[in-house]
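Observations on chain architecture
Residues per chain are reported as follows:
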Amino acid sequence: MKKKGNFFKDLQKAFNTGVSFMLPAVVVGGIFLAVSLATGETTGAGLEVTNPFLQNLNDLGAAGFAMMIPLLSGYIANSLAGKPALVPAMILGYIANNPVGEGEVETGFLGAMIMGVATGYFVRWVKTWKVPATIRTIMPILIVPILTTFILGVVYIYIIAVPIGAAMDWLVDVLSSLQGGSAIVLGMLLGAMTAIDMGGPINKTATAFTIALMAENIYEPNGAHRIAVAVPPLAMAISTFIDRKKYTEADRNLGLSTFFMGLIGITEGAIPFAVKDIKRVLPAIVIGSAVAGGLGMVNGVEALVPHGGLVILPVVNGKLWFTIAMFIGVFVSVAILHFTKPNIETIEDK
């Protein structure tokens, strides 16, 4: 029992460490993207930033977001096994957050968390090997990084990514079977898929499905999806505003930038909160997003561009229900967090 308790304490410490190093990238990326995209023009391809200076700001924000997931993975592993685990886990976190393999699968922050933990424990095991003194000196900078990246990289690409790709294809078939059937079920499923991995393969599957329907002039599923993308960050931000005792000072400071990310539909703003308290945060934002997506779908909301958040309101058909559905989804998530998330003192006491 003690070993089991130590294992979970190690994981909690590792996740908190990963989040603390990831936070600056989230804030920098989110604020720069929010400022630049808020001034963008709505086009068929989404929000387009035309001002050269703001486009450069957008590029800086995108770079911050690109670094976010590798930093999370890297410092989870670093917490578990020290410096030799840092670079392999950052590489594997990058791979997890970008298309890889025949199916071009990306697993987002969930995949990066898994690879961070796997790297940490793999490197911790390798460090127990008894090797000659001459080899021991090159283990941390040569043998451990190469061996770890190769073995876990191959495992990820050929064993983890392949079945995920097949599962995503199956999800597309499920969504297609619902299209034209029960509107509320399709909307709720799209909303839940949007929030469950916040930019990962399930979210991307919902995006690809709605964009494919837009090409056929069917815009309601995109409306449900684009309502839902704003729910997780807005819900987390508002929760930090009204339930301050449930969050650390760093979380509360992040709340304001997360709020602006929610306004322009950057779902990834909620990732740090989910990593630190996945068993409470993830159900709350998934349920809230599902409610919001279902309400949008059943009320015929149409989003005419592949982007989300209140910033696209001028190019939405059904503006009132777009806003109401988003508000209700956020309220549901915040209410669930209020009743399930303990005060931070209680967490620390445990």
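Our subject is the structure listed above.
Residues numbered from 1 in each chain as written. Predicted model: local features only at pLDDT ≥ 70, side-chain atom pairs only at ≥ 80, totals over all residues. Heavy atoms only, no water.

Given a rise of 1.5 Å per residue, 14 residues ought to cover 20 Å, and the 20 Å separating the end C-alpha atoms of helix α8 (residues 201-214) matches this to within 8%. Its buried side turned inward, α8 meets α4 (108-126), α6 (139-178), α7 (183-196), α9 (220-228) and β3 (302-303). (Helix = DSSP H or I, 4+ residues; strand = E, 2+ residues; numbered from the N terminus. Expected span 1.5 Å × (residues − 1). Contact = heavy atoms within 4.5 Å.)

Attention now goes to the environment of leucine 171. As for its position among the elements, leucine 171 is in helix α6. Separated by 63 residues in the primary sequence, leucine 171 and glycine 108 place their C-alpha atoms 17 Å from one another. If near-sequence neighbours (up to four positions away) are discounted, leucine 171 is found in contact with Met193, Ile202 and Thr205.

A few words now on a nonpolar patch on the surface. On the surface, Phe150, Ile151, Val154, Val155, Tyr158 and Ile159 cluster together to form a nonpolar patch covering roughly 580 Å² of accessible area. Taking the relative accessible area as the measure of exposure, isoleucine 151 reaches 32% and is therefore partly exposed. (Patch = residues over 30% accessible without salt bridge, like charges linked within 9 Å, V, L, I, M, F, W, Y side chains within 5 Å. Areas by Shrake-Rupley, 256 points an atom, 1.4 Å probe, with all protein chains shown as cover. Salt bridge = Lys/Arg side-chain N within 4 Å of Asp/Glu carboxyl O. Buried < 20%, exposed > 50% of the residue type's maximum accessible area, 1.4 Å probe, protein only.)

Following the sequence through the fold, glutamate 302 ends up in strand β3. Within the buried core, glutamate 302 has no salt-bridge partner, and the shortest N-O distance to an opposite charge, that of lysine 319, equals 10.0 Å. Not counting residues up to four positions away in its chain, the partners in contact with glutamate 302 are Tyr219, Glu220, Gly223, Val315, Val316 and Asn317. (Lys, Arg positive; Asp, Glu negative; His and termini not counted.)

The terminal C-alpha atoms of helix α14 (residues 319-340) lie 32 Å apart, and with 22 residues this matches the ideal 32 Å at 1.5 Å per residue to within 8%. Taken as a whole, α14 has its buried residues at Phe322, Ala325, Met326, Gly329, Val330, Ser333, Val334 and Leu337. For α14, the angular spread of buried residues about the axis comes to 160°, placing them on one side. Looking at α14, the residues exposed on the side facing more than 90 degrees away from the buried face are Leu320, Phe327, Phe331 and Phe339. (Arc of directions from axis to C-beta.)

Let us now look at unusual backbone geometry. Phi angles above zero are rare outside glycine, and methionine 198 is one such case at about 45°. As for its placement among the helices and strands, methionine 198 is situated in the loop between α7 and α8. Of note, asparagine 217 is a non-glycine position whose phi angle comes to about 65°, a positive value.

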